[in-house]
Amino acid sequence: MEHYTVEQVAAQLGLHVKTVRNYVRDGRLPAVRIGKRYRVAKEDLAAFAGLPVAAPARRAEVSSIVQIDGIARADMDRVSTMVLGALAGQPSGLRVEFVHDEERSHLKIIVLGGLEETARVLRIVDALVRE
């Protein structure tokens, strides 16, 4: 959430700083006091000024589990290294976990995150499984 100082609010509204402080003290402009200074939330300023308040951005997330049967430990290591390597250095908010059951020779890949990021992981896994 973005906040403004009283001075920034005054500049945006074309008012004197003392006028804005009076609005805050009177309760006409909601603000939070931090130490000796007030901070006004962007949404509160927009409502006070009669501007439309932007709706929060929507974000869709997906949880998926991919199971690969008949995979040995060495192949599991290769798949996990390739997937994690492809994702390295990219801020994605994506969480990927690998669980290998040696006794049953299957691998479960758990993917949690955004739709595009998850689709990318699934395409990588699909390419590795087809090799």
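Here the structure is a predicted model, which is why all the values come from computation and not from measurement. (Residues numbered from 1 in each chain as written. Predicted model: local features only at pLDDT ≥ 70, side-chain atom pairs only at ≥ 80, totals over all residues. Heavy atoms only, no water.)

Some remarks on the overall build of the chain
This is how the line gets drawn: To qualify as a helix, a DSSP run of H or I must reach at least 4 residues; to qualify as a strand, a run of E must reach at least 2; elements of each kind are numbered from the N terminus. Three labels apply to residues, based on accessible area from a 1.4 Å probe with only protein chains included: buried if under 20% of the type maximum, exposed if over 50%, partly exposed otherwise in between. Whether two residues touch is decided by their heavy atoms; if any such pair falls within 4.5 Å, the residues are in contact. Each accessible area is a Shrake-Rupley estimate made with a 1.4 Å probe; only the visible protein chains count as cover when residues are assessed. Under the convention used here, Asp and Glu are negative, Lys and Arg are positive, and both His and the chain ends fall outside the count. Each charge is placed at NZ for Lys, CZ for Arg, CG for Asp and CD for Glu.
When helices and strands are counted, the chain shows 5 helices and 6 strands. Counted from the first residue to the last, the chain has its helices and strands arranged as β-α-α-β-β-α-β-α-β-β-α. Reported as C-alpha extents along the three principal axes, the dimensions of the chain are approximately 70 × 30 × 20 Å. When burial is assessed residue by residue, the chain has 28% of its 131 residues classed as buried. Of the contacts made within the chain by residues no fewer than 6 positions apart, 58% connect residues no fewer than 24 positions apart. Here the chain displays about 9,000 Å² of accessible surface, and carbon together with sulfur accounts for 51% of that area. Charge-centre separation for the chain: the mean point of 19 positive side chains lies 15 Å from the mean point of 17 negative side chains.

Quick word on the pattern of salt bridges
Going by this rule: We define a salt bridge as a contact between a side-chain nitrogen of Lys or Arg and a carboxyl oxygen of Asp or Glu at a distance within 4 Å.
Counted under the stated rule, the structure contains 9 salt bridges. Ionic pairing is found between glutamate 2 and lysine 42, a salt bridge with its closest N-O pair at 3.8 Å. Placement of glutamate 2 in the segment before strand 1 (3-5) and of lysine 42 in helix 3 (residues 42-49) is noted, with a sequence separation of 40 residues between them. Residue glutamate 2 is classed as partly exposed on the basis of its relative accessible area, which comes to 41%. Across the pair glutamate 7 and arginine 37 runs a salt bridge, and its minimum N-O distance is 3.8 Å. In this pair, glutamate 7 is assigned in helix 1 (residues 6-13) and arginine 37 in strand 3 (residues 37-41), connecting sequence segments 30 residues apart.

Looking at the nonpolar core
The condition that has to hold: Here, the term nonpolar core denotes a set of buried Ala, Val, Leu, Ile, Met, Phe, Trp, Tyr and Cys residues that are joined through side-chain atoms within 4.5 Å.
Grouped together as the largest cluster of nonpolar side chains are 16 residues, with contacts concentrated most on Val79, Val83, Val96, Leu107, Ile109 and Val121. When contributions to this core are tallied by element, the ones reaching two or more residues are helix 4 (73-87), strand 5 (95-101), strand 6 (106-114) and helix 5 (115-130). Apart from residues no more than four positions distant in its own chain, leucine 107 is found in contact with Val66, Gln67, Ile68, Ile71, Met76, Val79, Phe98, Val99 and His100. Grouped together as the second largest cluster of nonpolar side chains are 11 residues, Val9, Val24, Tyr38 and Leu45 included.

Side note on unusual backbone geometry
Apart from glycine, the bulk of residues carry a negative phi angle, and the bulk of peptide bonds sit in the trans form. At serine 105, a position not held by glycine, the phi torsion is positive, near 55°. Along the chain, serine 105 falls in the loop between strand 5 and strand 6. Residue classification places serine 105 among the partly exposed residues on the basis of a relative accessible area of 28%.

Without other data, these values stay purely geometric and don't point to any function.
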